[in-house]
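# Secondary and tertiary structure notes
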Amino acid sequence: MASATIHARREVLRLLHRNLDLRAFFDRADAALTRLVPFDSSCWLSVDPATHLPTSHFSHEFTSDHLMLLAANEFLEDDVNKFCDLGVAARPVGVLSEVTGGDPSVSRRYVTLLAPNGYGHGDELRAVFREGESVWGCLAIHRRTGDFHPREAALIADLGPLLAHGIRRAILRTAFTRRTDTDAAGLILLAADDSVESITPTARRWLGELEDSTAASTPVPLIVTSVAHRARAAVRGMDHDLASSRVPRRGGGWLRIDASVLDTDPDGRVAIIIHPAREPEVAPIIVAAYGLSAREREVTGLVLQGRSTEQIARQMDVSAYTVQDHLKAIFDKVGVRSRRELVAELFLQQCAPRLRDGSTPGSDGWFVTDEDGSGARLEAVGGA
């Protein structure tokens, strides 16, 4: 198995350096993995590291109806090996046959979905892909017959950080594509059974921007219904996170999806607002994608607020030399040489099209402070 692990790591490493978008990365990773850990079906997800909600979805074998049942199981039902639990587990990989002691019928997901669809004599392996403290993706693979061996689970656990790294690199590749679309928001009203009561033309247009294998066969794809499930779960007291997700767009940039329950019944209608995310909204996910530590993220946030080195040092209660050390590490990870290049790399490619159109990224624009404390406002592409 050691040689298989080495071969698998080499193959995934090759994928990391192919400059693939999310769909291509998941397809190539799926093909590589099935040669080492054979399976009959798979579901790949990228997730928002802040909320752990899915941001894109790719599936082989299962239909869109099956995937909707999986989403409902994840957010609304008690079960074993749920992604939310694996995400905080010491080993973020779980095998159904192992965790149920050989009796998968204790799993509602097995009873309602897997067994009725030809997996009654098989098994399910689930994995969450973390890089450091951040979760970037999830995987569920299934066999029609036979169990997954602990050695196979260990192999996938070993590959997890590499796969997480590949997912965030693929997200970055898409995130900085320039767009010139308007910021209009769309509205979707879902009934209690998640059928669409109404949808605006703008919302329909944004749905076409999602990377979701269910989008072509369902009125509302899994990514959106997952946010709706989160809202219902929050109203019922089952979930304490916001029903909001930042989602990479097919053609570049980001969308934000927010959900709220309209009725007194927590299982009632849900309103979904979907619109292009403004720069401050995507800041956490983009900054996290560069692998910055918590302290480096804090420094980056203060830089983006226009704080000088001395101001950052006072607010963080550290020396100016420590701030400079953090800045050097940030510049190295992001691949820039100055504060201005940092802001440009993270956000200017997002807000520049709007600046060219005469709109602004915010009421005050972006204000960058140089080392000497002087400031300059970013007014156009390559400005300041």
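### Some details on the overall build of the protein
- Within the protein, the regular secondary structure consists of 14 helices and twelve strands.
- In the protein, which comprises 384 residues, the proportion classed as buried is 53%.
- Considering only residue pairs separated by 6 or more positions, the protein has 65% of its internal contacts joining residues 24 or more positions apart.
- Here the protein has roughly 16,400 Å² of accessible surface; of this, 51% comes from carbon and sulfur atoms.

### Quick notes on the sheet that holds strand β7 (residues 196-199)
- Read from one edge to the other, the open sheet built from five strands follows the order β7-β6-β10-β9-β8, with strand pairing classed as antiparallel. Every interior strand has two partners, whereas the edge strands, β7 and β8 (244-248), have only one. Going across the sheet, the axis of each strand differs from the next one's by a mean of 20 degrees, ignoring polarity.
- In terms of strand pairing, strand β6 (residues 186-190) meets strand β10 (residues 270-276) through five bridges, oriented antiparallel. Within β10, the residue paired with Gly186 across the bridge is Ile274.
- In the packing of helix α9 (residues 222-235) onto the sheet, contacts are made with β6, β8, β9 (254-261) and β10, and the angle to β9 comes to roughly 35 degrees.

### As for the nonpolar core
- The biggest cluster of nonpolar side chains holds 55 residues, and the ones touching the most others in it are Phe25, Leu125, Phe129 and Ile156.
- The element that contributes the greatest number of residues to this core is helix α7 (residues 150-175), accounting for ten residues.
- In this structure, Ile156 is in contact with Leu33, Val37, Val93, Leu125, Ala127, Phe129 and Ile141, ignoring residues within four places of it in sequence.
- Among the nonpolar cores identified, the runner-up in size contains 26 residues, and Val220, Val227, Val247 and Leu255 belong to it.

### Regarding the pairing of β8
- Burial analysis of β8 places five of its five residues in the buried class, which makes it a mostly covered element.
- The side-chain alternation of β8 yields two buried faces, one formed by Ser244, Arg246 and Pro248 and the other by Ser245 and Val247.
- Taking the residues that link successive antiparallel strands as the turn, the β8-β9 hairpin has five residues, and the phi of Gly252 there is positive, at about 115 degrees.

### Things to note about the pairing of strand β2 (residues 54-60)
- Most of β2 sits inside the fold, with six of its seven residues counted as buried.
- As paired strands, strand β1 (residues 41-47) and β2 are joined by six bridges and run antiparallel to one another. In the sheet register, Ser46 faces β2, and the bridge partner there is Ser56.

### Some points on the environment of Val270
- Within the secondary structure layout, Val270 lies in strand β10.
- Given the relative accessible area of 0%, Val270 is considered buried.
- Remark: the alpha-carbon pair of Val270 and Ala228, spanning 42 residues in sequence, is separated by 6.4 Å.
- Ignoring anything within four residues of it in the chain, the contact list for Val270 reads Ile188, Leu189, Leu190, Ala228, Arg232, Ala259, Ser260 and Val261.

### Some remarks on the environment of Glu152
- With respect to the helices and strands, the residue Glu152 is situated in helix α7.
- Between the alpha carbons of Glu152 and Pro38 there is a distance of 9.4 Å; along the sequence they are 114 residues apart.

### Re the pattern of salt bridges
- With the rule as written, the count across this model stands at 20 salt bridges.
- Glu298 is paired through a salt bridge with Arg295; the nearest N and O atoms lie 3.1 Å apart. Of this pair, Glu298 and Arg295 are both found in helix α11 (residues 294-304), three residues apart, which corresponds to roughly one turn of the helix.
- Overall, the relative accessible area of 33% leaves Glu298 in the partly exposed class.

### A word on the packing of helix α3 (residues 64-76) against α9
- One way to put it is that α3 packs onto α9 with a least axis distance of 9 Å and a crossing angle of 30 degrees. Considering their axes alone, α3 and α9 lie roughly parallel with respect to each other. In this structure, the crossing between α3 and α9 has a hand that is right-handed. Here Leu67, Met68, Ala71, Ala72, Phe75 and Leu76 of α3 come into contact with α9, specifically with Leu222, Thr225, Ser226, His229, Arg230, Arg232 and Ala233.
- Taken together, the residues of the contact of α3 with α9 sort by class into eight nonpolar, three polar and two charged.

### Concerning the confidence of the model for the protein
- Counting all residues, the mean pLDDT for the protein is 80, and 82% of those residues have values of 70 or more.
- Within the model, the stretch residues 348-384 combines pLDDT values under 50 with 81 contacts to residues more than four positions away or in other chains.

### Digging into the packing of aromatic side chains
- What the rule picks out here adds up to four aromatic pairs.
- Judged by centre distance (6.3 Å) and plane angle (55 degrees), the rings of Phe25 and Phe26 are tilted. An identical accessibility class is assigned to Phe25 and Phe26; each is buried.
- Geometrically, the ring pair formed by Phe26 and Phe58 is tilted, given 5.0 Å between the ring centres and 55 degrees between the ring planes.

### Quick look at the packing of helix α12 (residues 309-316) against helix α13 (residues 320-334)
- The contact between α12 and α13 brings their axes to 8 Å, and the two run at 105 degrees. What the angle tells us is that α12 and α13 run roughly perpendicular. When α12 is examined against α13, the residues Thr309, Ile312 and Ala313 are found in contact with a partner set consisting of Ala320, Val323, Gln324 and Leu327.
- Considered class by class, the residues forming the contact of α12 with α13 number five nonpolar, two polar and no charged.

### Focus: α13
- If you check α13, its first and last C-alpha atoms are 21 Å apart, about what 15 residues at 1.5 Å a residue would give, namely 21 Å.
- Directly beyond the C-terminal end of α13, a positive phi value near 85 degrees is found at Gly335.

Definitions and limits used
- Every chain begins its residue count from 1, and numbering advances along the sequence as written.
- It should be noted that, the model being predicted, local features are given only for residues of pLDDT at least 70 and side-chain atom pairs only at 80 or more, the latter also being counted only at that level, while totals for whole chains, interfaces and linings use all residues.
- Processing note: side-chain calculations cover all non-hydrogen atoms of the structure and skip hydrogens and water entirely.
- Put simply, DSSP marks the helices as runs of H or I at least four residues long and the strands as runs of E at least two long, and each gets a number from the N terminus on.
- With a 1.4 Å probe rolled over the protein chains alone, any residue whose accessible area is under 20% of its type maximum counts as buried; one over 50% counts as exposed, and the rest are partly exposed.
- Contact between two residues is taken to exist if any of their heavy atoms lie within 4.5 Å; hydrogens are not considered.
- Per-residue and other accessible areas were derived by the Shrake-Rupley procedure at a 1.4 Å probe size, with only the shown protein chains allowed to occlude residues.
- In short, DSSP must find at least two bridges between two strands for them to pair.
- Between the N-to-C directions of two axes lies an angle of 0 to 180 degrees, each axis being a line fitted to C-alpha atoms and, for a helix, fitted only over the stretch in contact.
- We call a set of buried residues a nonpolar core when its members are Ala, Val, Leu, Ile, Met, Phe, Trp, Tyr or Cys and they connect through side-chain atoms within 4.5 Å of each other.
- Any carboxyl oxygen of Asp or Glu within 4 Å of a side-chain nitrogen of Lys or Arg constitutes a salt bridge here.
- Convention used here: angles under 35 degrees read as roughly parallel, angles over 145 as roughly antiparallel, angles from 65 to 115 as roughly perpendicular, and any remaining angle as oblique.
- Crossings are classed by handedness, with left-handed meaning an anticlockwise turn of the near helix from the far one by less than a right angle and right-handed meaning a clockwise turn.
- Lys, Arg, Asp and Glu make up the charged group, whereas Ala, Val, Leu, Ile, Met, Phe, Trp, Tyr, Cys and Pro make up the nonpolar group; the residues left over, Gly among them, are polar.
- Known as pLDDT, the predictor's confidence for each residue is given on a scale from 0 to 100.
- When the centres of two rings from Phe, Tyr and Trp lie within 6.5 Å, Trp using its six-membered ring, the rings pair. Their planes under 30 degrees apart give stacked, over 60 give edge-to-face, and anything left gives tilted.
- A helix is expected to span 1.5 Å multiplied by its residue count minus one.

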